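Notes for the structure review
So you can see what is in the structure, the chains are spelled out below.
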Amino acid sequence: MKLPEIIRGKVYVLGDNVDTDQIIPAQYLTFNPSIPEEYRQFGKYALIGVPASQGGLPKGHIPFHEAGDEFVSPYTIIVAGKNFGCGSSREHAPIALDAAGIKAVIAEFYARIFFRNAVNGGYLIPFETPARLIEKVCTGDVLRIELATSTMVNETTGEQFLLRSLGEVAPIIETGGLFPYAEKAGMFSPPSH
Amino acid sequence: MAGMTLTEKILAKHAQRARVAPGDNIWVDIDVLMTHDVCGPGTIGVFHKQFGKNAKVWDRDKVVIIPDHYIFTADAMANRNVDVLRAFVKEQGLPHFYDVGTDRYKGVCHIALAEEGHTRPGELLLGTDSHTCNAGAFGEFATGIGNTDAGFVMGTGKLWLKTPPTMRFVFHGELPPWLMAKDMILSVIGDIGCDGATYKAMEFDGQGVFGLNMEERMTLCNMVIEAGGKNGVIAPDQVTLDYVNARNKSGKKYEVTQSDGDATFEFEKVYDLSQLKPVVAKPHSPDNKAFVDELVGTRLDRAYIGSCTGGKMTDFRAAARVLNGHTVKVDTFIVPATTEIAKNLKTETLDGKSLEQVFLNAGAKIGEASCAACLGGPGDTFGRLNAALRCISTTNRNFPGRMGHKEAEVFLASPLTVAASALNGSITDPREYFA
Ligand code: SF4
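Each chain carries its own residue numbering, running from 1 in the direction its sequence is written. A letter from A marks each chain and a number from 1 marks each ligand, given out in the order of writing. It should be noted that, the model being predicted, local features are given only for residues of pLDDT at least 70 and side-chain atom pairs only at 80 or more, the latter also being counted only at that level, while totals for whole chains, interfaces and linings use all residues.

1. Section: the overall build of chain B
Numbering of helices and strands starts at the N terminus; helices are DSSP runs of H or I of at least 4 residues and strands are runs of E of at least 2. Assigned secondary structure in chain B consists of 14 helices and 20 strands. Projected onto its principal axes, the C-alpha positions of chain B cover 55 × 55 × 40 Å. Each residue is classified by how many other C-beta atoms fall within 10 Å of its C-beta atom, where C-beta atoms are placed from the backbone; a count of 20 or more means buried, 12 or fewer means exposed, and values in between mean partly exposed. Per-residue burial over chain B gives 59% buried out of 435 residues. Contacts are defined on C-beta atoms placed from the backbone: any two residues whose C-beta positions lie within 7 Å are in contact. The long-range share in chain B, meaning contacts at least 24 apart out of those at least 6 apart in sequence, stands at 77%.

2. Quick word on the environment of alanine 111 of chain A
Tracing the backbone through its elements, the reader meets alanine 111 of chain A in the loop between β3 (104-107) and α4 (112-120). C-beta crowding within 10 Å serves as the criterion here: with 29 such atoms nearby, alanine 111 of chain A is assigned to the buried category. It is 26 Å that separates the C-alpha atoms of alanine 111 of chain A and aspartate 141 of chain A, two residues lying 30 residues apart in sequence. With residues up to four places along the chain from it excluded, the contact list for alanine 111 of chain A reads Asn83, Phe84, Gly85, Cys86 and Gly87 of chain A together with Thr198 and Gly228 of chain B.

3. Some points on the domain arrangement of chain B
Residues and elements named next belong to chain B. Each domain's limits were defined by an automated method or a database of domain assignments. Along its sequence, chain B is carved into domain 1 (20-256) and domain 2 (280-434). Distance between the C-alpha centres of domain 1 and domain 2: 23 Å. If you look at the interface, domain 1 gives 37 residues, while domain 2 gives 39 residues. Within the residue set of the side of domain 1 that touches domain 2, elements represented by two or more residues are α4 (109-115), α6 (181-192) and α8 (214-222). Here the side of domain 1 that touches domain 2 takes six residues from α6, the largest share from any one element. Per-class residue counts for the side of domain 1 that touches domain 2 are 16 nonpolar, 12 polar and nine charged. Three classes are used, and their members are as follows: Ala, Val, Leu, Ile, Met, Phe, Trp, Tyr, Cys and Pro are nonpolar, Asp, Glu, Lys and Arg are charged, and the others, Gly among them, are polar.

4. A word on α4 of chain A
All names here are of chain A. Counting buried residues along α4, nine of its nine residues qualify, which places the element largely inside the surrounding structure. Among the residues of α4, Arg112, Ile113, Phe114, Phe115, Arg116, Asn117, Ala118, Val119 and Asn120 are the ones counted as buried. Following α4 by one or two positions, glycine 122 adopts a phi angle in the positive range, close to 65°.

5. Focus: the site of the ligand
Throughout this description, a residue near a molecule or strand is one whose C-beta atom, derived from the backbone, lies within 6 Å of it. Taken together, 13 residues are adjacent to the ligand, and Ser307, Cys308, Cys371, Cys374 and Leu375 of chain B come closest. Taken together, domain 1 (20-256) and domain 2 (280-434) of chain B each give at least three residues to the shell around the ligand, which thus spans both.

Structural data, given as structure tokens:
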């Protein structure tokens, strides 16, 4: 993953404690993410476990996928509340969001394993926000995240918010994940062909 | 200089440092890596992609592979995943594989790890499952990781970790017979919330903890993840050593350690067990705590006794004590965590009947050792909630859809509460059976 300077797109808003069973329910875990065609399948089932009333806040009942593309969602950013990704250790969760086209999540904070998987696998950028954005942003708004300054602009309303800086995981995100990071740190050498 | 907590000491040792402090990012050496059928194929994929097709795992003796999640199903993809594990075990010549359909098949990975002697005090265990924290009961550092991390460990035997601060939970007094470790941990989760320990270690201490057997200690540590905890830990005592020494087949040496007297705990909460009442977690979160006596009479469609946190001998002994001689009013599913437990259900007796007979006489159904409906799984999974049913369960999670149907409602409770509720078809206070 090459780090972009700006992430821009439509936002899908979720509530607090969105757990991994909502992000990708257990019956879809039989796909093997290391096989590209099966990786793609995860996009189709991403967020399928979210109760309808909680999907696409503040109104709810907004589907994450649109007719015409069952794999990739028209939304590229998720804004959520507290404890995003709690529950199981399944890496299928950030994988499902990545496969559905999500580039960044902005949440108040994350469950530890989800955060770690998102960063170490290089699937998406998990930003943290000091403000409770789920009350300030509506599903469908167009957001622009500027990485250099950790700011988010809601282009639909013109409002601007400061996100927390990526801090100590920034070097891992910048290199693209655990393996390239460890290579730089001298902890891993890829096989020579 | 202040002392270190048990968690800090284990991490420092595995980072080859004299000391670590909360917040320190460290590279640690791993003693055991566990994976299963759900996350194994992805982990193996990462390993091969990054280290090459002909790469070998860092230490064959330290990789443990336990298929347990989707076992007794006709689902072709699920069965394919077990084949992926088989091929990898063969390619790598791995000795610690508990294959389905063989005498070695065990069932739920966390309990299998303990029973087969892969848990030892002072060690560092990682597993591709969030309930890997279960093994903290043995006085080791154990936590769950994803496929990428596990693929990295497979090739290098190392991983970077951030040292967590430790929260301490002290239980004074003795557990009365109508309460179990499940009531203790559901109280803690309800009190601090399902994010109350995010990024933190949770150490359990006090007479009430050291009075528990190893199965009950596992139930405590198993569910720290339901409070967001990174690991749960209990200092080893004679009970720990007796269990470990009886099962440590490899004879591997281990080091017993405990928190220093002057260690810094970021948070401390003290419980008096004589004041505790039976607890349930209401739908749809493990921290949605209520006391059973507030919910008495709530109608149920089903009861479920199983999983790593609720399907051990101690759990079944408790359930059998309540069910013995009575008949359940709702569908009741019994799922032993491991094949060893399944065997013991046939041999251990209560009033001259095997526990299995007690359950069958009560009208319960008994499934085969595996994760079964604890996490829903394929549609044909034993006990899965395939409709919007209301279930009371000894498992550890009740998020929407966890046991199958998105609209199903799951109440989490101890095996005593679940058994008593099964007999009435509604939530029932187990104290009624201890008059
Ligand atoms: S029994 Fe349930 S909680 Fe335990 S490992 Fe299996 S699915 Fe996970």
